[in-house]
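Observations on the three-dimensional arrangement
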Amino acid sequence: NGLFVAGGVAATGTSAVDTTANIFYSTDGIAWSPIRNSVSRISAGASISSIAYGRDENGRGLWVAGATTATSTAISLMYSYNGMDWVGVVNSGTTVSAISVSGIAYGVSASTGRGLWVATVHRSTADGNSFVFSSNGRDGWTAVPNTKAGLFEPTNSGPTSISYFNGVWYATGS
């Protein structure tokens, strides 16, 4: 779509480009501009841990970002159709991840042949869920049950990243 999007921790101090921004964009990958007030879409102290580009259920381009925080937050997922105007997924920090999203990928479901968003989540509990998915990237995020035991350390660790390539989903973890 001609846009690069990056996220991280909002800078602080007098040398900061913009202390209200934790998402930046670029049209050439060299010159970057802050998305002002993007930090207000998630809780204070949270950072953007992952951003992916894919499609919604109607085939429209969509960016999805995941947040990492040390405390529970109401928003851990956000989406944008243009990469600059972001909307928080309501209650995604309490019902989806409970702490943080460590990775997001867009691919194709082998069972439906349609687009699928998958996020890796780190939960501070041993509830057995390490992945959540959505068919549109905006809402309907659903935990994939029993994906923690046997894959990742069950209490204080979990998946670190996810990707999709040539019909295969790949996840890393600790």
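Presented here is a report on the structure given in the accompanying data block. Throughout, residues of each chain are indexed from 1 in the direction in which the sequence is written. In view of the model being predicted, local features appear only for residues whose pLDDT reaches at least 70, and side-chain atom pairs are presented and counted only at 80 or more, with totals across whole chains, interfaces and linings using the full set of residues. Calculated side-chain values reflect all of the structure's heavy atoms, with hydrogen atoms and water omitted.

Focus on the overall build of the protein
Applicable threshold: Counting from the N terminus, the helices are DSSP H or I runs at least four residues long and the strands are E runs at least two residues long. Burial classification: accessible surface area is computed with a 1.4 Å probe over protein chains only, and a residue below 20% of its type maximum counts as buried, one above 50% as exposed, and the rest as partly exposed. Any pair of residues with heavy atoms lying within 4.5 Å of one another is described as a contacting pair. Only the protein chains shown count as cover for residues, and all accessible areas are computed by the Shrake-Rupley method using a 1.4 Å probe.
Within the protein one finds 1 helix and 13 strands. Listed N to C, the secondary structure of the protein is β-β-β-β-β-β-β-α-β-β-β-β-β-β in terms of helices and strands. In the protein, which comprises 174 residues, the proportion classed as buried is 43%. Long-range pairs, those at least 24 residues apart, make up 37% of the contacts in the protein between residues at least 6 apart in sequence. Taken as a whole, the protein presents about 8500 Å² of accessible surface, with 55% of it coming from carbon and sulfur.

Looking at the nonpolar core
The condition that has to hold: By convention a nonpolar core is built from buried Ala, Val, Leu, Ile, Met, Phe, Trp, Tyr and Cys residues, the set being connected through side-chain atoms within 4.5 Å.
Counting 13 residues, the largest nonpolar core has Val64, Leu77, Val101, Ile104, Trp117, Ala119 and Trp141 as the members making the most contacts within it. Elements supplying a minimum of two residues to this core: strand E5 (61-68), strand E6 (77-80), strand E8 (100-108) and strand E9 (115-122). Looking at this core, the element that brings in the most residues is E9, giving 3 residues. With near-sequence residues (within four places) excluded, Val101 lies in contact with Ser49, Ser50, Gly66, Ala67, Thr68, Ser76, Leu77, Ala119, Thr120 and Val121. Core analysis: the second largest hydrophobic core is formed by 9 residues, Val5, Ala65, Met78 and Trp86 among them.

Considerations on the sheet that holds strand E1 (residues 4-7)
Quick reminder of the rule: For two strands to pair, DSSP has to find at least two bridges joining them.
Spatially, the 3 strands line up as an open sheet ordered E1-E2-E3, and their pairing is antiparallel. Each of the sheet's edge strands pairs with one partner strand only, and the pair in question is E1 and strand E3 (33-34). With 2 bridges connecting them, strand E2 (residues 23-26) and E3 associate as antiparallel partners. Bridge pairing in E3 links Phe24 to Pro34.

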